[in-house]
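Here's the letter readout for the chains.
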Amino acid sequence: TIECSDDLDPELNDNLGIPTFTDNCSNNSNVIVEMTDNKDGLTGCNNTGTLIRTWTITDECDNTSTCVQTITIVDKTDPTIICPDEVTIECSEDLEPKNNPNLEEPTVDDNCVAFGELDVTYEDDKSNLTDCGGNTGFILRTWTVKDDCGNAASCVQKINVIDTTAPEV
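Presented here is an overview of the structure given in this document. (Residues numbered from 1 in each chain as written. Predicted model: local features only at pLDDT ≥ 70, side-chain atom pairs only at ≥ 80, totals over all residues. Heavy atoms only, no water.)

**Description of the side chain of D147**
Link 1 in the chain: Tracing the backbone through its elements, the reader meets D147 in the loop between strand 9 (136–146) and strand 10 (152–162).
Link 2 in the chain: Buried and unpaired, D147 has K146 as its nearest opposite-charge partner, separated by 9.5 Å.
Link 3 in the chain: A polar atom in the side chain of D147 sits 2.9 Å from the backbone nitrogen of C149.
Link 4 in the chain: Not counting residues up to four positions away in its chain, the partners in contact with D147 are N46, D75, T77, P79, D110, E117 and L118. (Helix = DSSP H or I, 4+ residues; strand = E, 2+ residues; numbered from the N terminus. Buried < 20%, exposed > 50% of the residue type's maximum accessible area, 1.4 Å probe, protein only. Lys, Arg positive; Asp, Glu negative; His and termini not counted. Salt bridge = Lys/Arg side-chain N within 4 Å of Asp/Glu carboxyl O. Polar contact = N/O pair within 3.5 Å; in protein donor to acceptor, adjacent residues only side chain to side chain. Contact = heavy atoms within 4.5 Å.)

**A look at the nonpolar core**
Link 1 in the chain: In terms of nonpolar packing, the biggest core is built from 8 residues, these being I2, C4, L16, L42, L51, I71, I73 and C112.
Link 2 in the chain: Discounting chain neighbours no more than four positions away, the residues touching I2 are D7, L8, N13, N15, L16, I71, T72, I73 and V74.
Link 3 in the chain: Membership of the second largest hydrophobic core comes to 7 residues, among which are V87, I89, L103 and I159. (Core = buried A, V, L, I, M, F, W, Y, C linked by side-chain atoms within 4.5 Å.)

**Quick word on the pattern of salt bridges**
Link 1 in the chain: Under the defined criterion, the tally for this structure stands at 2 salt bridges.
Link 2 in the chain: Of the charged contacts in the structure, one is a salt bridge between R53 and D37, with a shortest N-O distance of 2.7 Å. Placement of the pair is R53 in strand 3 (residues 49–58) and D37 in strand 2 (residues 32–41), with a sequence separation of 16 residues.
Link 3 in the chain: The class of R53 is buried, set by a relative accessible area of 0%.
Link 4 in the chain: For D124, the salt bridge goes to R141, with nearest N and O atoms at 2.6 Å. A residue pair is termed long-range when its members are at least 10 positions apart, and D124 in strand 8 (residues 119–130) and R141 in strand 9 qualify at 17 residues.

**A short note on the packing of aromatic side chains**
Link 1 in the chain: Counted according to the given criterion, the structure contains 1 aromatic pair.
Link 2 in the chain: On the numbers, 5.0 Å between centres and 55° between planes, the contact of Y122 with W143 is tilted. In this pair, Y122 is assigned in strand 8 and W143 in strand 9, connecting sequence segments 21 residues apart.
Link 3 in the chain: Overall, the relative accessible area of 27% leaves Y122 in the partly exposed class.
Link 4 in the chain: Judged by its relative accessible area of 1%, W143 falls in the buried class.
Link 5 in the chain: The ring of Y122 has R141 sitting right over it, with the charged end atom 4.0 Å from the ring centre. (Phe/Tyr/Trp six-rings, centres within 6.5 Å; stacked < 30°, edge-to-face > 60°. Lys NZ or Arg CZ within 6 Å of the ring centre and 35° of its normal.)

**As for the state of the cysteines**
Link 1 in the chain: Enumeration over the complete set of coordinates arrives at 3 disulfides.
Link 2 in the chain: Between the sulfur of C4 and that of C112 lies a disulfide, 1.5 Å long from S to S. Sign of the S-S torsion, about 95° for the bond between C4 and C112, identifies this disulfide as right-handed. Residue C4 is found in the loop between strand 1 (2–3) and strand 2, and its partner C112 is found in the loop between strand 7 (107–109) and strand 8; the two are separated by 108 residues along the sequence. With respect to burial, C4 and C112 carry one shared label: buried.
Link 3 in the chain: Linked covalently through their sulfurs, C45 and C149 form a disulfide whose S-S length is 1.9 Å. Taking the sign of the torsion about the S-S bond as the criterion, the disulfide between C45 and C149, at about 105°, is right-handed. Taken together, the residues C45 in the loop between strand 2 and strand 3 and C149 in the loop between strand 9 and strand 10 connect sequence positions 104 residues apart.
Link 4 in the chain: Classification of C149 as partly exposed rests on a relative accessible area of 23%. (Disulfide = S-S within 2.5 Å.)

**Considering the sheet that holds strand 6 (residues 87–90)**
Link 1 in the chain: One open sheet accounts for 4 strands, arranged 6-10-9-8; its pairing is mixed. Pairing within the sheet leaves two strands with one partner each, and these edge strands are strand 6 and strand 8. Put simply, the sheet's adjacent strands are angled 30° from each other on average, direction ignored.
Link 2 in the chain: Examined bridge by bridge, strand 8 and strand 9 share 9 bridges and lie antiparallel to one another. (Pairing = 2+ DSSP bridges. Axes fitted to C-alpha atoms, helices over the stretch in contact; angles between N-to-C directions.)

Have a look at this one:
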């Protein structure tokens, strides 16, 4: 069993190994070792599932033997998330990051992001908006990132909300 981000090359990943073999006539250094992978079982999230690797050993007289290795590929690693810095905005500004250049989104990454998508959401705790008619104070924005396998991580950003604009007369 390996993580979806692990290398599938047995020469680069000691967890996979190569088959051991003996031959009655050939020197082991003259034997050809080949592998083929059947990836039809990688149907899970982030390209997880079962990979069937068939090893073929051929000696100098073209005699062959095969063996099958089952490799289970999983994604049990949470994505990473780094929250934007604490920020201060006016109470009249839009709280939606895509509508307000002063509000950034977090930096996210995942070990298997090449195979799937990351879902980034947020929830605002506005219970600390109390001064000046409930429009100033601060918001605690909890950002959450989830990968296709349900692994998740969160962080909290503080958004200070102020009112420095005098009323129009």
